[in-house]
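# Working through the structure, step by step
Spelled out, the chains give:
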Amino acid sequence: MYICASQVCYIAEVVVKQLREEVDISASLSGVWRVLTDKEREILRRSSTVQHFKRNELIYYEGDEPKDMMCLLKGKVKIFKEGVGGRSQIIRMIKPIQYFGYRAYFTQEDYLTNASAFEASTVCMIPMAVVTDLLMSNPNLAMFFIRQLSTDLGVADERTVNLTQKHIRGRLAESLLFLKDNYGLEEDGATLSIYLAREDLANLSNMTTSNAIRTLSTFVSERIIALDGRKIKIIDEERLRKISRLG
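Residues numbered from 1 in each chain as written. Predicted model: local features only at pLDDT ≥ 70, side-chain atom pairs only at ≥ 80, totals over all residues. Heavy atoms only, no water.

### What about the state of the cysteines?
Following the criterion strictly, the structure yields zero disulfides and no others. The structure places no disulfide on C71, whose sulfur is separated from the nearest cysteine sulfur, that of C124, by 6.2 Å. Judged by its relative accessible area of 4%, C124 is buried. (Disulfide = S-S within 2.5 Å. Buried < 20%, exposed > 50% of the residue type's maximum accessible area, 1.4 Å probe, protein only.)

Shown next as structure tokens:
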């Protein structure tokens, strides 16, 4: 079938319009969009692009030069770092309408971590050069990211203490509650709405996969959780929180 140049241009315009509309919808729900002027919103709208990532597809690599600030529109993303002996450590879990990938740019260094999609995910890419210009002219936007970075640092500090001082049971309990707080529950009000492989759960909890499997089995036998493949159902949240608290 022959397609003329005008048809190609029309199709391209439709695609660009759809992508920009998707960015607009997400931005209208975010703290960033609320602190921008109409002119700044138009700059953001024109500069942003949307990319789709398949499950387990890498979004950026350790050592890459940071060029974009990223906002997760749909899906789930993990930030992780490769460790000794091929083991990786999950540093952060990103949920929709969270920003990531910009810290390295502000510190003028390459990425120290990797980011990949836990499931099919949609990410808005905003060039850091545009973000920097907006920050220089909009103090409210600068304060937004100061608060964001401060919050992320606080969470990282707490996670560091939990992963280094708690015993295996406490670490795994803390991770399950972290996933609940981050991603919520399914319609039954008990099943985590994220399905992790045992290896990912171990990497999130700073333990070996075999230890994660054994501890999960112990939680099942104690009627704290129930397992159905990768689905984890929390049966006794109060006891899980007590295990996490006591470490």
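The rest of the description comes next.
### Some remarks on the sheet that holds strand β7 (residues 114-117)
Here we have four strands laid out as an open sheet, ordered β2-β7-β4-β5, and antiparallel in their pairing. Looking at the sheet topology across the chains shown, the edges are occupied by β2 (58-60) and β5 (88-94). Neighbour-to-neighbour, the strand axes of this sheet turn through a mean angle of 35°, independent of strand direction. The pairing of strand β4 (residues 77-82) with β7 spans four bridges and is antiparallel. Within β7, the position partnered with F80 by the bridge is N114. (Pairing = 2+ DSSP bridges. Helix = DSSP H or I, 4+ residues; strand = E, 2+ residues; numbered from the N terminus. Axes fitted to C-alpha atoms, helices over the stretch in contact; angles between N-to-C directions.)

### Here's the deal with empty space enclosed by the protein
Taken as a whole and assessed by the stated rule, the structure comprises two cavities of 30 Å³ or more. Taken as a whole, the second largest cavity holds about 40 Å³ of empty space. Around the second largest cavity, the lining residues are V32, L44, M69, I126, V131, L134, L141 and F145. Elements supplying a minimum of two residues to the lining of the second largest cavity: α5 (128-137) and α6 (139-165). When grouped by side-chain class, the residues that make up the lining of the second largest cavity number eight nonpolar, no polar and no charged. (1 Å grid on protein atoms, 1.4 Å probe; cavity = no way out; pocket = protein on both sides within 12 Å on 5 of 7 lines; lining within 4 Å. Points joined across faces, edges and corners; volume = space filled by probe spheres on them. Nonpolar A, V, L, I, M, F, W, Y, C, P; charged D, E, K, R; others polar.)

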